[in-house]
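# Commentary on secondary and tertiary structure
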Amino acid sequence: MGSPAKPQDPSKAVSPHVEARSSRAMKTFVIDTNVLIHDPESLFTFARSKVVLPLAVIEELDSLKRMNDDRGYAVRQVVRKLDRLREKGKLSQGVPLDHGGTLLIEYRRAEKLPPQFESQVVKDNQILATALYLKEKGENGGLISKDMTLRIKAEVLGLETEDYEREKVPVR
């Protein structure tokens, strides 16, 4: 029948929660411009995750930075944070974040969106195309946006999507 199992040394036991966390793949979150404007610290709230900003988001930030209101102020905060992160390396190759994740500026997009999305060249569609590219590449994650219609369009494309609420950042 075999010998009985030896009792495990409790000092070497690993919590199933710790084991699950360490073995999970890093999740990828594509962040929409409105999330950054809503919370300039949002870049740093996705612990142990890959935070991706599509190049279209950088272009939108650039077009909004001169506004003399709260949105312009928030955009300038985000741009300063991104500029400081450049000291850690090239944003286009990914830089480490203090919470154990990485930040990446992604310029690549899916080859083609469905024809219904191609009729207009809008930044939202470029952001969707980047999220779709990452999904096609096998990245595990989704799109985070405060824009309800963008989340609906993302869902139509088969992308996971969530509203951004700092208290409920989805890092499953």
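Our subject is the structure listed above.
Read on for a plain summary of the structure. (Residues numbered from 1 in each chain as written. Predicted model: local features only at pLDDT ≥ 70, side-chain atom pairs only at ≥ 80, totals over all residues. Heavy atoms only, no water.)

Moving on to the packing of helix α3 (residues 55-64) against helix α4 (residues 70-85). It is the contact of α3 with α4, at a shortest axis distance of 9 Å, that shows an interaxial angle of 130°. With respect to each other, α3 and α4 are oriented oblique. When the axes of α3 and α4 are compared, the crossing they make is left-handed. The segment α3 lies against α4, with I58, L61 and L64 engaging R71, G72, V75, V78, V79 and L82. Here the residues of the contact of α3 with α4 are counted per class, giving seven nonpolar, one polar and one charged. (Axes fitted to C-alpha atoms, helices over the stretch in contact; angles between N-to-C directions. Helix = DSSP H or I, 4+ residues; strand = E, 2+ residues; numbered from the N terminus. Parallel < 35°, antiparallel > 145°, perpendicular 65-115°, else oblique. Left-handed = near helix turned anticlockwise from the far one by under 90°. Contact = heavy atoms within 4.5 Å. Nonpolar A, V, L, I, M, F, W, Y, C, P; charged D, E, K, R; others polar.)

Here we take up the packing of aromatic side chains. Evaluation of the coordinates by the stated rule reveals two aromatic pairs. Site record: aromatic cluster; members linked through ring pairs are F29, F46 and Y164. (Phe/Tyr/Trp six-rings, centres within 6.5 Å; stacked < 30°, edge-to-face > 60°.)

By the definition in use, this model includes 11 salt bridges. Where D163 meets K146, a salt bridge forms, and the shortest distance between an N and an O atom there is 3.2 Å. Placement of D163 in the segment after β6 (160-162) and of K146 in the loop between β5 (141-144) and α7 (148-156) is noted, with a sequence separation of 17 residues between them. A salt bridge links R151 to D163; the shortest N-O distance between them is 3.6 Å. (Salt bridge = Lys/Arg side-chain N within 4 Å of Asp/Glu carboxyl O.)

Keep in mind that these numbers describe shape and distance, not what the molecule does.
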